[in-house]
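# Inside the fold
Residue strings, one per chain:
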Amino acid sequence: MANKGGLRAADPLIQEVSKVVPGFDQLACEFAFEKILSRPGLGIKQREIATLAALTALGAETELRLHVAVALNVGLSKQEIVEVLLQQVVYSGFPRAINALLVAKEVFEERGL
């Protein structure tokens, strides 16, 4: 999968799924990058904010871990990520927001932040 807009961090997850579903990496790349993420109107940072919020709401911690890394890669600060996840207390509830913040903490620690 090509590095589209700094989303290289998602590669390991997509590659693992492709072991079960051959061609999934191509399908995911074509759909996500060619049909959705390439649309005008939002920048990559704005798209990552929306993604962090959605993954927190869904409780999708594996994907959230990857997208916290992606958010850092595309220029979101640690504080901006924390604020996005903290805001989810209001919309997704305390358990989901707490889990998301703990995932982010692990990513920050791995990166020495």
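Everything discussed here concerns the structure shown above.
Here's what I pulled together on the structure shown here. This one's a predicted model, so the numbers in the text were calculated from it and none came from an experiment. (Residues numbered from 1 in each chain as written. Predicted model: local features only at pLDDT ≥ 70, side-chain atom pairs only at ≥ 80, totals over all residues. Heavy atoms only, no water.)

Attention now moves to the side chain of Q88. Examined against the element boundaries, Q88 turns out to sit in helix α5 (residues 78–92). Ignoring sequence-local partners within four residues, the contact set of Q88 consists of A53, T56, G93 and A97. (Helix = DSSP H or I, 4+ residues; strand = E, 2+ residues; numbered from the N terminus. Contact = heavy atoms within 4.5 Å.)

Okay, the pattern of salt bridges next. The full count for this structure, using the stated rule, is four salt bridges. Across the pair R65 and E110 runs a salt bridge, and its minimum N-O distance is 3.9 Å. Pair noted here: R65 is in helix α4 (residues 61–73) and E110 is in helix α6 (residues 94–110), with a separation of 45 residues, a long-range link. Take R65: its relative accessible area is 29%, and that puts it in the partly exposed class. The salt bridge involving K105 is made with E109; its shortest N-O contact spans 2.8 Å. On the criterion of helical spacing, the pair formed by K105 and E109 is a turn pair, its members being four residues apart in helix α6. (Salt bridge = Lys/Arg side-chain N within 4 Å of Asp/Glu carboxyl O. Buried < 20%, exposed > 50% of the residue type's maximum accessible area, 1.4 Å probe, protein only.)

A separate point is the nonpolar core. Side chains of a nonpolar character, in soluble globular proteins, are inclined to be buried together. Among the nonpolar cores identified, the biggest contains 18 residues, and L52, L64, V68, I81, L85, A104 and F108 are the most heavily contacted of them. Contributing elements (two or more residues each) for this core: α3 (44–58), α4, α5 and α6. Filtering out sequence-adjacent residues up to four positions away, A104 remains in contact with V68, I81 and L85. (Core = buried A, V, L, I, M, F, W, Y, C linked by side-chain atoms within 4.5 Å.)

So far we have only geometry, and geometry alone does not tell us how the molecule works.
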